[in-house]
Structures are given as structure tokens and as C-alpha cells.
Amino acid sequence: SKGRGLLQCYPEARQCLTFLRDPWEVSLSNYFYWRSRNRQFNIDRGVLKPGDYRDYRDLDDYLSKTSSFLLNYFPEELTAANYRNMIDKYFVYIGIAEDLQGSADRLADRLGRKRIEIPHVNVSAREEQSREKARLSFVARHPLEYEIYNYICDNYKKV
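How each quantity is defined
Residues numbered from 1 in each chain as written. Predicted model: local features only at pLDDT ≥ 70, side-chain atom pairs only at ≥ 80, totals over all residues. Heavy atoms only, no water. Helix = DSSP H or I, 4+ residues; strand = E, 2+ residues; numbered from the N terminus. Buried < 20%, exposed > 50% of the residue type's maximum accessible area, 1.4 Å probe, protein only. Contact = heavy atoms within 4.5 Å. Areas by Shrake-Rupley, 256 points an atom, 1.4 Å probe, with all protein chains shown as cover. Pairing = 2+ DSSP bridges. Patch = residues over 30% accessible without salt bridge, like charges linked within 9 Å, V, L, I, M, F, W, Y side chains within 5 Å. Salt bridge = Lys/Arg side-chain N within 4 Å of Asp/Glu carboxyl O. Core = buried A, V, L, I, M, F, W, Y, C linked by side-chain atoms within 4.5 Å. Lys, Arg positive; Asp, Glu negative; His and termini not counted. pLDDT = per-residue confidence, 0-100.

Considering the overall build of the protein
Next up, step 1: Tallying secondary structure elements over the protein gives seven helices and two strands in all.
Next up, step 2: Scanning the protein from its N terminus toward the C terminus, one meets helices and strands in the order α-β-α-α-α-β-α-α-α.
Next up, step 3: Residues classed as buried in the protein amount to 34% of the 159 residues present.
Next up, step 4: Pairs at least 24 apart in sequence give 71% of the contacts found in the protein among residues at least 6 apart.
Next up, step 5: Accessible surface, the protein: about 10600 Å² in total, of which carbon and sulfur atoms supply 51%.

In C-alpha cells:
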């Protein structure tokens with residue numbers, strides 16, 4: 001999203017791999033990270049004043065004012081018409097974060113490398129319970145992201 005993506009740094013790249021996470025889980029993680037660290041840090045620095053437009057009251061407020069990041073991380077702009085072709089063109093492997101260890105094992109096997117244990121680190125505490133209604137609303141507001149995520153998950157299960 002800042003013009004510093006893969007193809008800007010490596011224009012000759014034609015084979016990519018990535019690990020993808022459920023867009024809802026990414027948004028939840030970002031919210032709880034913001035609540036635990038970013039918010040107070042930015043208030044202390046004077047960048048954020050309590051109650052300004054970037055100071056979210058709660059999870060629902062955060063979700064209503066932010067968007068999914070998934071589309072920012074692909075080599076080309078994705079649409080409902082082109083995402084399958086673009087993914088098939090560029091990506092030799094896409095792992096699923098919800099099955100990180102399994103994804104890493106599959107990648108190691110494909111590359112003929114030794115499997116390694118992937119530790120679970122950088123976890124933000126979640127003091128609020130996420131609500132199913134909020135999740136369903138998020139999914140409804142991001143149909144392309146979920147079309148892409150489901151396409152990748154379906155293909156991941158077939159491999």
C-alpha cells in the first residue's frame with residue numbers, strides 16, 4: 001500500500017510464496033495490539049489524543065473505521081475477475097497461518113528441507129470477547145477478501 005511491495009523491490013520476481021491469515025483474525029489481532037501497545041504509546045508521544053478519530057472506543061468502533069489489509073499484500077491489484085489467475089500466476093506456495101506448523105511442514109517437504117518446529121510468539125492478549133455478529137458483519141463488508149481467502153484455503157486442502 002506504500003509502493004514498496006514485492007514487485008517494486010524485485011521487479012524480476014515471478015515466483016512468490018506467502019502465508020495467509022483469516023482477514024478477521026488479522027483485524028482482531030491489530031485491534032488488540034493497538035489496545036495493548038500502540039494506543040498508549042501514541043498518546044504518550046502526543047500523536048493521538050484520547051477520543052480523536054483514531055482512538056477507538058471498542059472493537060465494534062475499530063472495525064467500523066478500519067478495513068481489511070489482505071488486498072494490500074499482493075503483487076497486483078486483485079479483483080473478483082482476476083484473483084484466481086493472479087494467484088496461480090505468481091504463487092508457487094501459499095500457507096495458511098491457522099495451520100502454521102502444517103504449512104511450514106508442507107513447504108519444507110516441497111523444498112526437500114528438514115522440518116522445523118515453529119514457535120507461537122508475538123501474541124496480543126485479547127481482553128474482550130469477539131462477537132459472532134461483529135465477525136459476520138466484517139465478513140459481509142469484505143466479500144472479495146473472503147473469496148480470495150476461501151479460494152486459497154480450498155486449494156491448500158487439496159495439496
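Next comes the rest of the write-up.
Section: the environment of Arg 84
Next up, step 1: You can see Arg 84 is positioned in helix H4 (residues 83-90).
Next up, step 2: Residue classification places Arg 84 among the partly exposed residues on the basis of a relative accessible area of 41%.
Next up, step 3: Distance in space between the C-alpha atoms of Arg 84 and Tyr 151 is 7.8 Å, their sequence separation being 67 residues.
Next up, step 4: Other than its neighbours up to four places away in sequence, Arg 84 contacts Glu 147 and Tyr 151.

Things to note about the pairing of strand E2 (residues 91-96)
Next up, step 1: With respect to burial, E2 is a largely interior element, five of its six residues being buried.
Next up, step 2: As judged from the five bridges shared by strand E1 (residues 16-20) and E2, these two strands associate in the parallel manner. Residue pairing in the sheet places Cys 16 in a bridge with Phe 91 of E2.

Description of the environment of Ile 118
Next up, step 1: Within the secondary structure, Ile 118 sits in the loop between helix H5 (100-111) and helix H6 (132-141).
Next up, step 2: Once residues within four sequence positions are removed from consideration, Ile 118 is found in contact with Leu 100, Gln 101 and Ala 104.

Remarks on a nonpolar patch on the surface
Next up, step 1: A surface patch of nonpolar side chains, amounting to about 310 Å² of accessible area, comprises Leu 17, Phe 19, Val 92 and Leu 100.
Next up, step 2: Looking at the secondary structure, you find Phe 19 in strand E1.

So, the nonpolar core
Next up, step 1: Core analysis: the biggest nonpolar cluster contains 34 residues, and Phe 74, Ile 87, Ile 148 and Ile 152 have the highest contact counts within it.
Next up, step 2: Broken down by element, the residue count for this core peaks at eight residues, all from helix H7 (residues 143-158).
Next up, step 3: Those residues in contact with Ile 148 that sit more than four places away from it in its chain are Leu 70, Leu 71, Phe 74, Leu 78, Tyr 83 and Ile 87.

A short note on the side chain of Glu 145
Next up, step 1: Secondary-structure assignment places Glu 145 in helix H7.
Next up, step 2: Of the buried charged residues, Glu 145 lacks a salt bridge, with Arg 141 as the closest side chain of opposite charge at 9.4 Å.
Next up, step 3: Setting aside its immediate chain neighbours within four residues, Glu 145 contacts Pro 23, Ser 68, Leu 70 and Leu 71.

A short note on the confidence of the model for the protein
Next up, step 1: Averaged over the protein, the pLDDT score is 82; the fraction of residues at 70 or greater is 84%.
Next up, step 2: Predicted confidence in the protein is weakest over helix H1 (residues 6-9), with a mean pLDDT of 77, and strongest over H5, with 94.

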